[in-house]
Amino acid sequence: MKGIGKRVTVGFLGIVVLLFASGIISLFELSNLSNDTEDILAASRRNMEIANDMLHSVQEHSQAMLHIAVFDPQADRDVYRRAMGDLDGKVAAARSEAVDATRLDSLSMSVLRLREISEQFVFSSAIGNIDIPLMAVPSSEDGATASSQRGKAWYENDYKPAYDNVVEQIQSYMTHTHSSLAPRAEQLSKNAYRSVAPVFISLVVMIAIVLMFYYFVMFYGVNPILKINRSLSDFLTYRLPFNVKAELLDELKEVVDNIEKLIGLSKQNR
């Protein structure tokens, strides 16, 4: 390849291509990083929503069962059935979205146990056959108070442990979902380094290329031009021989040859 213009053009075009390629790679990696971050945040938000909905449903079920057991055994059962249905639906949703569904077996079993205890009590109270030991009810109190005491005893002794177990399993589900996101967060950190690496590498290479360009432009461009100008000034001022002591390439060598020809012609004309 000959010509200073072509050399400089190719050199700077090489820098442009390098920067363009590194920018494209970085944009691609940053896009992947953004998508991964969005997926992790969406999964975390979804898991929190499911856990909060499960807690809300089990609390609503507990309040309904407390009202039925203590205050009004013949109360409307739709509330506790709806709450139990919502809880089952949220457990099914969590199972469908979980990476390892077997970890939700304990939660499913605890919800099933809560359902069985509740259904058994509601059925027994509906037929008037509540076989629950009466806890020190004074003989002077009427049947309603005795029924309330029996319901309270059932709630504290049977229902409350099952309810606490469900809440504990829901909290365990929340802890597990957060811990399951840890490997993805670690991978996200690696992707961040990978997205920054091309920019850093291209920056280092660009600095090296710029320094090389500075050296070659000074060595093959600026310094020869300065020496040509100094030698030509010495010839015109002091009539010293025109002699450029520098490594000349391409057009600069042609310029020096043309100057020497002009000097030779001027001497012949004299």
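Residues numbered from 1 in each chain as written. Predicted model: local features only at pLDDT ≥ 70, side-chain atom pairs only at ≥ 80, totals over all residues. Heavy atoms only, no water.

S.K.: Would you mind showing me how to read a nonpolar patch on the surface here?
M.R.: Together, Val196, Phe200, Ile201, Val204 and Val205 make up a nonpolar patch on the protein surface, roughly 440 Å² of accessible area in all. Take Val205: it is sitting in helix H5 (residues 182–238). (Patch = residues over 30% accessible without salt bridge, like charges linked within 9 Å, V, L, I, M, F, W, Y side chains within 5 Å. Areas by Shrake-Rupley, 256 points an atom, 1.4 Å probe, with all protein chains shown as cover. Salt bridge = Lys/Arg side-chain N within 4 Å of Asp/Glu carboxyl O. Helix = DSSP H or I, 4+ residues; strand = E, 2+ residues; numbered from the N terminus.)

S.K.: Would you mind going over the side chain of Asn47 with me for this structure?
M.R.: One can find Asn47 in helix H1 (residues 4–71). Residue classification places Asn47 among the buried positions, given a relative accessible area of 14%. Among the polar contacts listed, one links the side chain of Asn47 to the side chain of Tyr173, at a separation of 3.4 Å. When residues no more than four places from it in sequence are discounted, the contact partners of Asn47 are Tyr173 and Thr177. (Buried < 20%, exposed > 50% of the residue type's maximum accessible area, 1.4 Å probe, protein only. Polar contact = N/O pair within 3.5 Å; in protein donor to acceptor, adjacent residues only side chain to side chain. Contact = heavy atoms within 4.5 Å.)

S.K.: Help me understand the packing of aromatic side chains in this model?
M.R.: Two measures describe an aromatic ring pair: the distance that separates the ring centres and the angle between the ring planes. By the definition in use, this model includes six aromatic pairs. Seen in terms of ring centroids, Tyr215 and Phe216 are 5.3 Å apart; in terms of plane orientation they differ by 70°. Their pairing is edge-to-face. Summarising the aromatic geometry, the rings of Tyr215 and Phe219 are spaced 5.7 Å apart at their centres and angled 15° between planes, so their arrangement reads as stacked. Remark: Phe219 and Tyr215 occur in helix H5; sequence separation between them is four residues, near one turn of the helix. By relative accessible area, which is 46% here, Tyr215 ends up partly exposed. (Phe/Tyr/Trp six-rings, centres within 6.5 Å; stacked < 30°, edge-to-face > 60°.)

S.K.: Can you help me understand helix H2 (residues 78–97) in this one?
M.R.: For H2, with 20 residues, the first-to-last C-alpha span of 28 Å sits near the 28 Å given by 1.5 Å per residue. For H2, the set of buried residues is Tyr80, Ala83, Met84, Leu87, Val91, Ala93 and Ala94. (Expected span 1.5 Å × (residues − 1).)

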